[in-house]
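# Working through the structure, step by step
Chain by chain, the residues:
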Amino acid sequence: MDSLKFQDFNLNSEVPQSNGAEFQPSTKVYPSSGETSSEGKDLSSKKNFFSFEFYQQYFDVDTEQVLMRILNSMVPRFGSNFIVDHVQPVPDLYGPVWISITLVFMTAICGNLAKYIETSGDVQNETYSSDFRLITGASTLIACYVILIPFALYTLFWYRKSELQYSYLELFCAYGYSLSIFVPVSILWVINIQLFRWLLIVISVLASGTVLMSSIWPALKTDRNRFISFGAILGVLLLHCFLAVTFKEYYFDASQSERSMVGAAKIQATTEVSSAQTVIKEITRHV
């Protein structure tokens, strides 16, 4: 017990200070989410127009968004603006490009199929042959429609200083999706019933044409020159109708005109042969 020693600890003694510097709170300021997104926009805007990264952002779209845009481009809704409600603020090039390519091949394939059905596959008499020029014609027609008409509208809006200004990509996106209704219609055009084909034209033009007109008219209705505003919106509908009629007449009804021309040529040839035989008989009789 004598070896035990007790020590007295003073609880009121001060805690010794370390030789290092005192703790200082961090003064680093982290950017907010809004600042980060604005910086991202600045970086995307600085991308070169001729670079792959510039166009890559317009193909960054999911399947659900593309399907919704396709559906809304075919089904008109009262008071709805397709560009404002479904295209802005991020137009895409994925949907319009693939819809245009699909329509080119579907029109050419179904046009040749319709020609085969109308000629009953009579390849022995060489009345049927696949025409691969339809692909070239369809691609030229669709490319001119999707590229040139939005550019003309964009120039018109800029020149007339419209209150509602659409970008060229937004107009291109709207026109590209407006062609989606012609993909199933081109398949149904294989049925060789003229009344049914004209009915499909009326339905498709009214459906997708109404969506286009309801999207473009808000940019034209404030124009003081009513002739320009009404003329432009009427031109949009007429060009859309012209595209559908061209598909039908050139790709699906061309074989009927060819057959009628062949039939007329055969009748004319038969008439000429019979008349020649009559002349020969008359000559031999007099001899």
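Think of each chain on its own: its residues are numbered from 1, step by step along the sequence as written. Per-residue local features of the predicted model are confined to residues with pLDDT of at least 70, and side-chain atom pairs are confined, for both listing and counting, to 80 or more; whole-chain, interface and lining totals are unaffected and use all residues. Computation of side-chain values: all heavy atoms of the structure, hydrogens and water removed.

Going by the annotation in an unreviewed UniProt entry, the name recorded for the protein chain is Protein YIPF, with Syphacia muris given as the source organism. UniProt positions are given in the numbering used here, feature names are shortened, and annotations may be inferred rather than shown by experiment. Regarding the protein chain, the relevant UniProt record gives this comment under Sequence similarities (unreviewed entry): "Belongs to the YIP1 family."

Turning to the overall build of the protein chain, a few remarks are in order. Summing up its helical and strand segments, the protein chain has 11 helices and zero strands in all. The secondary structure listing takes helices from DSSP runs of H or I that are at least 4 residues long and strands from runs of E that are at least 2 residues long, numbered from the N terminus. Listing each helix as α and each strand as β along the protein chain from the N terminus yields α-α-α-α-α-α-α-α-α-α-α. Split into buried and exposed, the 287 residues of the protein chain put 32% on the buried side. Sequence-distant contacts in the protein chain: of pairs separated by 6 or more residues, those separated by 24 or more amount to 75%. Relative accessible area decides the class of each residue, using a 1.4 Å probe on protein chains only: under 20% of the type maximum gives buried, over 50% gives exposed, and in between gives partly exposed. Two residues qualify as a contact provided that any one of their heavy atoms is within 4.5 Å of a heavy atom in the partner residue.

It is worth spelling out a nonpolar patch on the surface at this point. The patches described consist of residues with a relative accessible area above 30% and no salt bridge, like charges being joined within 9 Å and nonpolar side chains (Val, Leu, Ile, Met, Phe, Trp, Tyr) within 5 Å. Only the protein chains shown count as cover for residues, and the accessible areas themselves come from Shrake-Rupley with a 1.4 Å probe. Within this document, salt bridges are pairs made up of a side-chain nitrogen of Lys or Arg and a carboxyl oxygen of Asp or Glu, the two lying within 4 Å of each other. On the surface, Phe59, Tyr94, Val97, Trp98, Ile101, Phe105 and Ile109 cluster together into a nonpolar patch covering about 640 Å² of accessible area. When its relative accessible area of 37% is taken as the criterion, Tyr94 is described as partly exposed.

Here an angle of 0 to 180 degrees is reported between the N-to-C directions of two axes, which are lines fitted to C-alpha atoms, with helices fitted over the stretch in contact. Relative to each other, helix H9 (residues 194-220) and helix H10 (residues 226-252) sit at 150°, their axes nearing to 9 Å. Classified by the angle between their axes, H9 and H10 sit roughly antiparallel to one another. Relative to H10, the crossing made by H9 is right-handed. When residues are grouped by polarity, Ala, Val, Leu, Ile, Met, Phe, Trp, Tyr, Cys and Pro land in nonpolar, Asp, Glu, Lys and Arg in charged, and all others, Gly among them, in polar. Residues that form the contact of H9 with H10 fall into these classes: 17 nonpolar, five polar and four charged. Here the word oblique covers every angle except those under 35 degrees (roughly parallel), over 145 (roughly antiparallel) and from 65 to 115 (roughly perpendicular). In this scheme the handedness of a crossing depends on how the near helix is turned from the far one: anticlockwise by less than a right angle means left-handed, clockwise means right-handed.

Turning to the pattern of salt bridges, a few remarks are in order. Enumeration over the complete set of coordinates arrives at three salt bridges. A salt bridge links Arg69 to Asp92; the nearest nitrogen and oxygen atoms lie 2.2 Å apart. With Arg69 in helix H3 (residues 63-74) and Asp92 in the loop between helix H4 (82-87) and helix H5 (94-118), this pair connects stretches of sequence that are 23 residues apart. Summarising the burial analysis for this pair, Arg69 and Asp92 share the class buried. Residue Arg160 pairs with Asp223 through a salt bridge whose shortest N-O separation is 2.8 Å. Note that Arg160 is positioned in helix H6 (residues 133-160) and Asp223 in the loop between H9 and H10, a separation of 63 residues in sequence. On the basis of relative accessible area, Asp223 is assigned to the buried category, the value being 8%.

This part is about the packing of aromatic side chains. When we look at a pair of aromatic rings, we describe it by the centre distance and by the angle of the planes. Working definition: a ring pair exists when centres of Phe, Tyr or Trp rings (six-membered ring for Trp) sit within 6.5 Å. Plane angles under 30 degrees give stacked, over 60 give edge-to-face, the rest tilted. The final tally for this structure, using the stated rule, is 10 aromatic pairs. Ring geometry for Phe82 against Tyr177: centres 6.3 Å apart, planes inclined by 65°, an arrangement best described as edge-to-face. Of this pair, Phe82 sits in helix H4 while Tyr177 sits in helix H7 (residues 168-178), placing them 95 residues apart in sequence. Each member of the pair, Phe82 together with Tyr177, is buried. Within the aromatic cluster, the residues linked to one another by ring pairs are Phe182, Phe247, Tyr250 and Tyr251.

Below, the discussion takes up the confidence of the model for the protein chain. On a scale of 0 to 100, pLDDT captures the predictor's confidence in every residue. The share of residues in the protein chain with pLDDT of 70 or more is 65%, and the mean pLDDT across the chain is 77. Per-element confidence in the protein chain ranges from a low mean pLDDT of 42 for helix H1 (residues 33-45) to a high of 94 for H7. Taken together, the stretch residues 25-45 has pLDDT below 50 and engages in two contacts with residues farther than four places along the chain or on a different chain.

Further remarks concern H3. The end-to-end C-alpha distance of H3, which contains 12 residues, comes to 17 Å, matching closely the 16 Å that a straight helix rising 1.5 Å per residue would cover. Turning to H3, its buried residues are Val66, Arg69, Asn72 and Ser73. Projection of H3 onto a plane perpendicular to its axis shows the buried side chains occupying an angular sector of 135°, all on one side. The exposed residues of H3 that point more than 90 degrees off its buried face are Thr63, Glu64 and Leu67. As for H3, its buried residues are in contact with H4, H5, H7 and H9. One fewer than the residue count of a helix, multiplied by 1.5 Å, yields its expected span. Directions drawn from the helix axis to the C-beta atoms are what define this arc.

This next bit is on the UniProt feature "transmembrane region" (unreviewed entry) in the protein chain. According to UniProt, the feature "transmembrane region" (unreviewed entry) maps to residues 93-114, 134-159, 171-192, 198-220 and 227-247 in the numbering used here. The span residues 134-159 is 100% helical and 0% strand by assignment, and the distance between its end C-alpha atoms comes to 37 Å. Helix makes up 68% of residues 171-192 and strand 0%, whereas the separation of the span's terminal C-alpha atoms amounts to 35 Å.

It is at 9 Å that the axes of H6 and H7 come closest, and there the two elements cross at 140°. Accordingly, the angle class assigned to the pair H6 and H7 is oblique. Between H6 and H7 the crossing geometry is right-handed. Residues Tyr145, Val146, Ile147, Ile149, Pro150, Phe151, Leu153, Tyr154 and Phe157 of H6 touch H7, and the partners they reach there are Tyr168, Leu171, Phe172, Tyr175 and Gly176.

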